[in-house]
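# Survey of secondary and tertiary structure
Okay, here's what each chain looks like letter by letter:
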Amino acid sequence: MTCNSFNKIIINRSALRHNYTVLKKRVPAATRFLAMVKADAYGHGMFEAAAVFQCEGCRDFGVAETFEGVCLREEGIEGNIFVFLGFDSHDVSLYFEHDLIPVIYDIRSAEILSAEAITQNKEIEVHVKVDCGMTRLGVFPEQFEEFVAVIKSMPGIKYGGYASHFPRADEPDSSYTSEQLLRFTALRTCVDNVPGIVAHTANSGGILYFPESSCDMVRSGIGLYGYYPDGKAGVLRETESRLLPAMTFKSRVLQVKAVPAGTGVSYGHTHSTTKKTKIAILPVGYEDGLSRSLSNRGEVLVHGKRAAIIGRICMNLCMVDITGIESVQAGDEVVLMGTQDQEVISGDEIAELMGSISYEVLCLLGNNNERKYIE
Ligand SMILES: *Cc1c(COP(=O)(O)O)cnc(C)c1O
């Protein structure tokens with residue numbers, strides 16, 4: 001079915017290429033660069049984003065779940081695909097069939113992989129997740145040496161590397177991150193981590209603010225999509241090539257009306273006009289990823305000017321105050337995130353109003369609307 005939604009996510013491929021190039025330049029040439037494309041590439045389209053990075057030379061990709069890795073292969077993505085959350089035992093054969101690299105954190109997974117490797121008469125590369133302070137997935141550093149010894153003894157298991165994750169690398173001067181990096185680099189000596197064993201821990205914050213954390217591979221997500229892990233502060237601090245947001249969210253005006261002072265707007269009448277007001281009604285609601293928490297707080301761009309969201313955001317609609325913006329008509333373009341004329345609304349701005357981070361805004365908008373790609 002081809003049918004047009006009023007709402008469109010526009011992904012700028014040249015911004016993705018720019019961000020890849022800029023970030024890649026910040027890590028040593030010999031360091032591998034993994035593009036995190038989980039969550040449908042933070043709302044940018046998993047395959048489309050991976051294809052752009054692959055064209056730029058990327059050979060390492062990261063996803064959360066098995067099905068994402070399978071999709072990438074079926075779409076023709078080559079190179080290494082790391083699956084970070086582990087797997088359901090019923091899916092183990094997919095790792096062999098599609099040449100995926102499981103990142104594991106328990107012996108049971110290694111046993112399942114080993115049994116399948118014997119059945120298939122194949123070998124499988126695995127990486128080990130170590131919890132050096134994130135308190136999320138992973139074995140503790142004290143357990144690492146024994147864990148590796150056990151899995152290395154299993155037939156068909158090829159121990160390929162180990163990974164950790166920074167909880168606070170978005171804080172440029174967090175001494176915590178430096179301490180965690182020491183705990184991570186200390187793992188190098190606790191097993192015979194021969195050349196070829198790949199150590200990786202840096203996320204975008206690590207790449208940008210802790211260049212010493214590059215190790216053998218870095219894993220970048222948010223930076224590739226044009227945002228700094230610490231939001232606006234990161235943009236302001238940037239002294240080199242700035243990362244460019246790749247996503248724009250556009251809609252259009254459905255109807256325009258004028259109401260007198262004292263008119264209640266939307267459910268609950270949480271906004272009441274204080275003067276004669278011109279209102280535009282937009283086909284965007286929380287169903288489209290525009291968080292209801294932006295009710296009476298967010299802004300959108302109409303004719304290059306800011307218009308405040310008034311009243312509660314509905315499931316498929318919201319209202320904005322366009323008093324003072326000349327000659328707005330049904331059908332006029334509205335930008336909810338991105339640039340219009342000289343004015344910009346960034347994902348960071350929206351995130352701040354929501355009490356969240358750009359990551360969530362990108363997922364909400366990008367994964368709930370039709371996407372279009374431009375070069
Ligand atoms: C999401 C994720 C990353 C990327 O983090 P960013 O802050 O988006 O760069 C890296 N490693 C792991 C394990 C992740 O889950």
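Residues numbered from 1 in each chain as written. Predicted model: local features only at pLDDT ≥ 70, side-chain atom pairs only at ≥ 80, totals over all residues. Heavy atoms only, no water.

### Structural notes on the environment of T274
Structurally, T274 can be placed in the loop between β13 (271-272) and β14 (277-282). Along the backbone, T274 and T263 are 11 residues apart, and their C-alpha atoms lie at a distance of 8.0 Å. (Helix = DSSP H or I, 4+ residues; strand = E, 2+ residues; numbered from the N terminus.)

### Some details on the site of the ligand
Among the 14 residues in the neighbourhood of the ligand, the closest are listed as K38, Y42, S204, I222 and Y359. The contact in question runs from an oxygen atom of the ligand to an N or O atom on the side chain of K38, over 2.6 Å. At 2.5 Å, a side-chain N or O of S204 approaches an oxygen atom of the ligand. Summarising the interface, the protein chains cover 92% of the accessible area of the ligand, which totals 380 Å² for the free molecule. One can see that the ligand is located within the largest pocket. Here the shell around the ligand is composed, by residue class, of 5 nonpolar, 5 polar and 4 charged. (Near = heavy atom within 4 Å. Polar contact = N/O pair within 3.5 Å; in protein donor to acceptor, adjacent residues only side chain to side chain. Areas by Shrake-Rupley, 256 points an atom, 1.4 Å probe, with all protein chains shown as cover. 1 Å grid on protein atoms, 1.4 Å probe; cavity = no way out; pocket = protein on both sides within 12 Å on 5 of 7 lines; lining within 4 Å. Sits in = over half its atoms within 2 Å of the grid points. Nonpolar A, V, L, I, M, F, W, Y, C, P; charged D, E, K, R; others polar.)

### Quick notes on helix α7 (residues 141-152)
An α-helix turns once per 3.6 residues; consequently, residues spaced three or four apart project the same way. Relative to the 16 Å expected for 12 residues at 1.5 Å per residue, α7 spans 17 Å between its end C-alpha atoms, a close match to the ideal helical length. Those residues of α7 that sit buried are F144, F147, V148 and I151. Burial along α7 is one-sided: seen end-on, the buried residues are contained in an arc of 100 degrees. Of the exposed residues in α7, those oriented more than 90 degrees away from the buried face are E142 and E146. Contacts from the buried residues of α7 go to β5 (101-104), α6 (107-120), β6 (124-129), β7 (157-163) and α8 (175-190). (Expected span 1.5 Å × (residues − 1). Buried < 20%, exposed > 50% of the residue type's maximum accessible area, 1.4 Å probe, protein only. Arc of directions from axis to C-beta. Contact = heavy atoms within 4.5 Å.)

### Structural notes on the layout of surface pockets
Here the largest pocket defines a volume of roughly 570 Å³. Looking at the lining of the largest pocket residue by residue, the class counts come to 14 nonpolar, 6 polar and 6 charged. If you go around the second largest pocket, you meet 16 residues; those closest to its centre are P245, M247, T248, G338 and T339. Counting only elements with at least two residues in the lining of the second largest pocket, the list comes to β1 (8-12), β10 (247-252), β18 (333-340) and β19 (343-345). Of the residues assigned to the lining of the second largest pocket, the class counts are 10 nonpolar, 5 polar and 1 charged. (Points joined across faces, edges and corners; volume = space filled by probe spheres on them.)

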